[in-house]
Every structure is written in C-alpha cells, then in structure tokens.
Amino acid sequence: DAICASSLCVEGACAESKQSIGESCILDNDCSNNKCGFDAFSSDASGVCCEGGYYSMFTFSTDGWPTTDIRKFCQDRPIGTLCGVTDAICASSLCVEGACAESKQSIGESCILDNDCSNNKCGFDAFSSDASGVCCEGGYYSMFTF
C-alpha cells in the first residue's frame, strides 16, 4: 500500500479503491471488508471478497491443492457449492457428498462419509471392490481389506 499514490494495493497493483463483496481478491487487504476467501472448496475456485465471514482450514496436496496449507473459504455458500467435507462453509450447515445440501441423505441413499447420512451410518452396500457407499439402516461392520 505504501508505494501507491492512492495508498491502496489491490491484487498486486495500485488501485483507487478496494474490491467490493463478490469481486476477485488475493488477500484480505484487497477487500473493502477485509475478508477474502475461496468461493468453493476446489483448487479451481476463485478468491472473492466474502459477503459474510470465512472459515480457515487445512487443505492437502493429495486432494488436488497445489500445496498443503491453511486456506480461507467464504461461509454461507448456497446449495450445490463444492464444500469438500466441511459443513461450516454451507449456509445450510450441511455438506453432503462434497456439496452444500438442503438435507442429509436418508437410509438407502448414496454417501461418502458417515456425516452424509441422517443417521450418521455410511457403509458399503456389498463386500466388493466396486461397492458403493449407502446410508445403512442398522449398524455396520468395520474391517481392514488387504
């Protein structure tokens, strides 16, 4: 900021004003509300000035991010927004099968994690390498496969 005549550096260049909510950003300082975060849980997502708050969490290179690091994600995201496994970035507070959802899955519906299911029980529908995850009616049995 100090080297700019306007005293404002936004996205690495001198600017007359900071970015507004929903506009692109790289750093918190780029935004008029000082809240810059990814608009979805995806390494392809853009940085935007968040309308509300943001949620900080570790992301891992094994999940497609360029590096393992702490990243900020805008909260109060609408239904359908990619959320990884994090309820905290969804307006509904429900991240189901990687996207913000209106409700958790019912018994017999597909799932990836226990948290996707209304009864918190996601398991494979068969003992097979091509089995799918479903919300189990009863309990489930955990075992290692080699």
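Model, not experiment: these values are computed from the prediction. (Residues numbered from 1 in each chain as written. Predicted model: local features only at pLDDT ≥ 70, side-chain atom pairs only at ≥ 80, totals over all residues. Heavy atoms only, no water.)

### Examining the nonpolar core
Formally: To qualify as a nonpolar core, a set must consist of buried Ala, Val, Leu, Ile, Met, Phe, Trp, Tyr and Cys residues joined through side-chain atoms within 4.5 Å. Accessibility here uses a 1.4 Å probe with only protein chains present; expressed as a share of the type maximum, an area under 20% marks a residue as buried, one over 50% as exposed, and anything in between as partly exposed. Contact criterion: two residues are considered in contact whenever any of their non-hydrogen atoms come within 4.5 Å of each other.
Counting 9 residues, the largest nonpolar core consists of Phe-41, Met-57, Trp-65, Phe-73, Cys-83, Ile-89, Cys-90, Cys-95 and Cys-100. Setting aside residues no more than four positions away along its own chain, Phe-41 makes contact with Met-57, Thr-59, Trp-65, Phe-73, Leu-82, Cys-83, Gly-84 and Ile-89.

### Here's the deal with unusual backbone geometry
Rules: Put simply, DSSP H or I for four residues or longer makes a helix, DSSP E for two residues or longer makes a strand, and each gets a number counted from the N terminus.
Backbone geometry places Glu-11, a non-glycine residue, at a positive phi of 50°. Of note, Glu-11 is situated in the loop between β1 (9–10) and β2 (13–14). One non-glycine residue, Asn-34, lies in the positive phi region at around 60°. Mapped onto the fold, Asn-34 is located in the loop between β2 and β3 (36–38). Looking at Asn-34, the relative accessible area reads 39%, which means it is partly exposed.

### Comments concerning the pattern of salt bridges
We apply this condition: Salt bridge, as used here, is a side-chain nitrogen of Lys or Arg placed within 4 Å of a carboxyl oxygen of Asp or Glu.
As enumerated under the stated definition, the model contains 1 salt bridge in all. Between Asp-28 and Lys-72 there is a salt bridge, with its nearest N and O atoms 2.6 Å apart. Note that Asp-28 is positioned in the loop between β2 and β3 and Lys-72 in strand β6 (residues 69–74), a separation of 44 residues in sequence. Owing to a relative accessible area of 29%, Lys-72 belongs among the partly exposed residues under this scheme.

### Quick notes on the environment of Asp-44
The residue Asp-44 is located in the loop between β3 and β4 (47–49) in this model. Sequence spacing of Asp-44 and Ser-56 is 12 residues, and the spatial spacing of their C-alpha atoms is 17 Å.

### Some remarks on the side chain of Gln-19
The residue Gln-19 is located in the loop between β2 and β3 in this model. For Gln-19, a relative accessible area of 16% puts it in the buried group. Excluding anything up to four places from it in sequence, Gln-19 contacts Val-10, Glu-11, Ser-24, Asp-30, Cys-31, Ser-32 and Cys-49.

### Topic: the packing of aromatic side chains
Going by this rule: Pairing of aromatic rings covers Phe, Tyr and the six-membered ring of Trp, with a centre-to-centre limit of 6.5 Å; geometry is then stacked below 30 degrees between planes, edge-to-face above 60, and tilted otherwise.
Scanning the entire structure with this criterion turns up 6 aromatic pairs. Aromatic ring contacts, followed pair by pair, group Phe-38, Phe-41, Trp-65 and Phe-73 into a single cluster.

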